[in-house]
Amino acid sequence: MTRILDRPIAELLPEIDGFIARGATVYIKWTCPKCGERVIADEPNVYNALGYRHTERQDGTPCDGLYLGTVFGLAVIASGASLDGGQRGHS
Ligand SMILES: [Zn+2]
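Residues numbered from 1 in each chain as written. Predicted model: local features only at pLDDT ≥ 70, side-chain atom pairs only at ≥ 80, totals over all residues.

A. Spatial organisation of the overall build of the protein chain. Scanning the protein chain for helices and strands turns up one helix and six strands. Start at the N end of the protein chain and walk to the C end: the helices and strands fall as β-α-β-β-β-β-β. Looking at the protein chain as a whole, 11% of its 91 residues are labelled buried. (Helix = DSSP H or I, 4+ residues; strand = E, 2+ residues; numbered from the N terminus. Buried ≥ 20, exposed ≤ 12 C-beta atoms within 10 Å, placed from the backbone.)

B. Structural context of the sheet that holds strand 2 (residues 25-31). Spatially, 1-6-2-3 is the arrangement adopted by the four strands of the open sheet, whose pairing is antiparallel. The sheet is open, and its two borders are formed by strand 1 (7-8) and strand 3 (38-40), each paired with just one other strand. Note that strand 2 and strand 6 (residues 71-77) share five bridges and pair antiparallel. From the neighbouring strand, Tyr27 faces strand 6, where its bridge partner is Ala75. (Pairing = 2+ DSSP bridges.)

C. Main features of the environment of Thr55. Within the element layout of this structure, Thr55 appears in strand 4 (residues 52-56). For the pair Thr55 and Leu66, spaced 11 residues apart in sequence, the C-alpha separation works out to 8.9 Å. Those residues in contact with Thr55, other than ones at most four positions away along the chain, are Pro62, Cys63 and Asp64. (Contact = placed C-beta atoms within 7 Å.)

D. Structural detail: the environment of Lys29. By the element assignment, Lys29 lies in strand 2. A residue is classified by how many C-beta atoms lie within 10 Å of it, and Lys29, with 16 of them, is partly exposed. Sequence spacing of Lys29 and Leu74 is 45 residues, and the spatial spacing of their C-alpha atoms is 5.5 Å. If we ignore the near neighbours within four places in the chain, the residues touching Lys29 are Arg38, Val39, Ile40, Phe72, Gly73, Leu74 and Ala75.

E. Focus on helix 1 (residues 9-21). Along its 13 residues, helix 1 runs 18 Å from first to last C-alpha, staying within 8% of the 18 Å computed at 1.5 Å per residue. Where helix 1 ends, the next residue or the one after it, Gly23, has phi of about 90°, a positive value. (Expected span 1.5 Å × (residues − 1).)

Listed below in structure tokens is the structure:
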């Protein structure tokens, strides 16, 4: 029952910073407007406001679809510490 819930990048950026601060690796995800595949960015922990290009489809063929939208999903990979609880509240 996992639904893809993409959200505006303005909402995601503080979240991305939070994940990075906790030592996680975050990849931007989007839906390619050309072929409709879900794409995960190659480069972690950054958001590129100039748009995202889908270079290669899952079957290995080139796509080259450019996404210029502002709605993204996140793939968060925890490294070490749990993302829930723990390191909280240094005010
Ligand atoms: Zn594509």
